[in-house]
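# Observations on chain architecture
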Amino acid sequence: MIEVVRPGPLATVQDLGRPGLAHLGVPRSGAADERALRLANRLVGNPEGAAGVELTLGGAVLRFHRAAWIAVTGAPLALRIGGRGYGTNAPCHVPSGASVEFGMPGSGLRSYLAVRGGLAVGEVLGSRSTDLLSGLGPAPLQAGDRLPLGSVTRLDPITVDVAPGSSFPETPVLRVLPGPRDGWFAPDALRTLTSAVYEVSPDSNRVGVRLDGPALRRSRQGELGSEGMVTGSVQVPPSGLPIVFLADHPTTGGYPVVAVLASASVPDAAQLRPGQRVRFGS
């Protein structure tokens with residue numbers, strides 16, 4: 001068991017989500033930064049989709065009631081096990097009874113904890129992920145929660161000492177492709193999107209990154225019928241200010257999508273902090 005002593009600002013259980021159920025109105029959810037969760041699991045010999053903990057701005061304290069191997073990836077932060085400092089992006093051994101303390105990341109937003117064997121909380125529709133939009137999956141972690149650990153038998157041995165960390169530029173550039181409704185916008189809308197600097201709004205969350213900056217003008221007015229949405233969609237409400245959909249986005253939406261992030265840029269979007277500046281590139 002892992003006991004949650006302090007969850008930090010927001011800590012949730014995440015795996016790779018619930019793909020293939022959007023036609024039933026079930027969002028995929030899962031880790032906002034899949035790349036970081038996959039790496040953490042590989043470092044401790046887990047399958048890439050094993051459930052771990054997604055920490056938003058760190059700040060958590062977890063007590064381990066059995067010895068375990070862990071790895072922490074994503075936004076880099078100070079990591080202490082039993083009061084001793086350890087590095088991220090590397091397997092670390094946690095003795096039975098020791099507490100693991102997470103500081104606040106200096107850059108990036110979300111860090112990921114993988115434990116060898118994975119977290120064995122109950123599945124909902126084939127996933128252990130917390131979906132903050134639909135309410136599916138376990139509730140966000142609270143002090144006193146206890147997380148069961150899975151079996152470590154039949155797992156691959158731990159063979160990696162350390163992995164390169166991700167870079168977190170001060171003003172990242174997210175690559176976009178034209179969206180399915182770019183024709184609803186003025187001819188200069190995509191040029192505006194890819195030449196301006198936007199700022200991440202404090203209203204951002206796992207559903208989407210809300211941006212402040214130049215508004216994107218529409219050339220076509222009227223209502224758009226609800227249509228399917230994918231992670232990375234850049235949706236534009238009547239304000240003209242874009243929203244980049246993340247893991248907990250709804251399966252459908254009624255505002256036009258001017259662009260869609262390239263898959264490789266989705267993890268970068270998931271690490272954007274409120275107040276941070278971001279650019280888009282083609």
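Residues numbered from 1 in each chain as written. Predicted model: local features only at pLDDT ≥ 70, side-chain atom pairs only at ≥ 80, totals over all residues. Heavy atoms only, no water.

## Description of the overall build of the protein
When its secondary structure is counted, the protein shows 3 helices and 20 strands. Taken against the 2.2 N^0.38 rule, which gives 19 Å for 282 residues, the C-alpha radius of gyration of the protein at 19 Å falls within 12% of a compact globule. If you line up the protein on its principal axes, its C-alpha atoms span 60 × 40 × 30 Å. Taken over 282 residues, the protein has a buried fraction of 49%. Counting every atom, the protein has about 12,200 Å² of accessible surface; 52% of that belongs to carbon and sulfur. Each charge class in the protein can be summarised by its mean position, and for the 26 positive and 22 negative side chains these summaries are 2 Å apart. (Helix = DSSP H or I, 4+ residues; strand = E, 2+ residues; numbered from the N terminus. Rg over C-alpha atoms; globule rule 2.2 N^0.38 Å. Buried < 20%, exposed > 50% of the residue type's maximum accessible area, 1.4 Å probe, protein only. Areas by Shrake-Rupley, 256 points an atom, 1.4 Å probe, with all protein chains shown as cover. Lys, Arg positive; Asp, Glu negative; His and termini not counted. Charge placed at Lys NZ, Arg CZ, Asp CG, Glu CD.)

## A few points about the pairing of strand S19 (residues 257–261)
Of all 5 residues that make up S19, 5 are buried, and the element is covered over most of its length. Bridge count for strand S16 (residues 233–235) against S19 is 3 bridges, and the pairing is antiparallel. Bridge pairing in S19 places Gln-235 opposite Val-257. (Pairing = 2+ DSSP bridges.)

## Some thoughts on the sheet that holds strand S4 (residues 61–64)
Sheet architecture is open: 6 strands sit in the order S7-S6-S9-S4-S1-S11, paired in antiparallel fashion. Edge positions in the open sheet fall to strand S7 (84–86) and strand S11 (146–147), since each of these has one partner strand only. The pairing of strand S1 (residues 2–6) with S4 spans 4 bridges and is antiparallel. In the sheet register, Ile-2 faces S4, and the bridge partner there is Phe-64.

## Comments concerning the packing of aromatic side chains
Evaluation of the coordinates by the stated rule reveals 1 aromatic pair. Here the aromatic rings of Tyr-198 and Phe-280 are separated by 6.1 Å at their centres, their planes lie at 75°, and the arrangement is edge-to-face. With a gap of 82 residues between them, Tyr-198 in strand S13 (residues 198–200) and Phe-280 in strand S20 (residues 277–281) connect regions that are remote in the sequence. For Tyr-198, a relative accessible area of 0% corresponds to the buried category. (Phe/Tyr/Trp six-rings, centres within 6.5 Å; stacked < 30°, edge-to-face > 60°.)

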